[in-house]
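# Analysis of the macromolecular model
Residues per chain are reported as follows:
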Amino acid sequence: MKIAIGADHAGYRLKDTIVPFLQAQGHEIIDVGCNCADSVDYPDYAVPVCDKVVSGEAERGILICGTGIGMSIAANKTPGIRCALVHDLFSAKATREHNDTNVLAMGERVIGPGVAEEIVRVWLETPFSQGLRHQGRIDKVKALESQYSLHP
Ligand code: RB5
């Protein structure tokens, strides 16, 4: 799978653990940075990852900051993105089955690399349930994107 990944200065260490983990499983990675501890702004890395997912250049996106919260807020401003902030395996599976999320956010200051790798693995492997009730709810969220883009 082609996966775009980005992080801020509080998340790049976990990103640099996740990237080789994914490459070892045969995934193709587009790493948009950042790559050092110099202070940066998380939206500057959320945007290129989300753009690649919406355009189809990448099938999924992964975003990491200190808490994952800033990245998830920024990502969910992008029409077409459904980003889940996940720090446990139950949510990693459920958000794929129920929300068909295409971007995953995590916080380097919240979980360790072992848990993060398992979350990523489960999130990538779990298919959308195709359940009609879940699709209907996703469609309602999509309708909100249209509504608020017309009336900001
Ligand atoms: C950076 O200090 C931190 O605020 C950022 O990584 C993130 O946690 C924001 O939500």
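Definitions and cut-offs
Residues numbered from 1 in each chain as written. Predicted model: local features only at pLDDT ≥ 70, side-chain atom pairs only at ≥ 80, totals over all residues. Heavy atoms only, no water. UniProt positions renumbered as here; feature names shortened; annotations may be inferred. Helix = DSSP H or I, 4+ residues; strand = E, 2+ residues; numbered from the N terminus. Buried < 20%, exposed > 50% of the residue type's maximum accessible area, 1.4 Å probe, protein only. Disulfide = S-S within 2.5 Å. Phe/Tyr/Trp six-rings, centres within 6.5 Å; stacked < 30°, edge-to-face > 60°. Lys NZ or Arg CZ within 6 Å of the ring centre and 35° of its normal. Pairing = 2+ DSSP bridges. Axes fitted to C-alpha atoms, helices over the stretch in contact; angles between N-to-C directions. Contact = heavy atoms within 4.5 Å.

Looking at an unreviewed UniProt entry, the protein chain carries the name Ribose 5-phosphate isomerase B, with the source organism given as Cohnella zeiphila. We quote the UniProt Sequence similarities (unreviewed entry) comment for the protein chain here in full: "Belongs to the LacAB/RpiB family."

### With respect to the environment of Lys 77
By the secondary structure assignment, Lys 77 is in the loop between helix 3 (69-75) and strand 4 (83-85). Residue class for Lys 77 comes out exposed when judged on its relative accessible area of 68%. Placed 27 residues apart in sequence, Lys 77 and Cys 50 show a C-alpha to C-alpha distance of 9.6 Å.

### With respect to the state of the cysteines
Enumeration according to the criterion identifies 0 disulfides in this entry. In this structure Cys 34 is not part of a disulfide, and its nearest cysteine sulfur, from Cys 36, lies 5.9 Å away. By relative accessible area, Cys 34 is classed as buried at 6%. As a non-bridged cysteine, Cys 50 has Cys 83 as the owner of its nearest cysteine sulfur, 6.7 Å distant.

### Digging into the packing of aromatic side chains
All chains considered together, the criterion is met by 0 aromatic pairs. Here Arg 60 stacks its cationic end above the ring of Trp 123, 4.8 Å away from the centre of that ring.

### Considering the sheet that holds strand 5 (residues 103-107)
Ordered in space as 2-1-3-5-4, the 5 strands form an open sheet in which the pairing is parallel. The open sheet has two edge strands, strand 2 (28-31) and strand 4, and neither has a second partner. Strand-to-strand twist across the sheet, computed as the mean angle between neighbouring axes with direction ignored, equals 20°. With 4 bridges connecting them, strand 1 (residues 2-7) and strand 2 associate as parallel partners. Residue Lys 2 lies in a different strand from strand 2, and its bridge partner there is Glu 28. Packing against the sheet, helix 5 (residues 113-125) makes contact with strand 1, strand 3 (60-65) and strand 5, and its axis sits at approximately 170° to strand 5.

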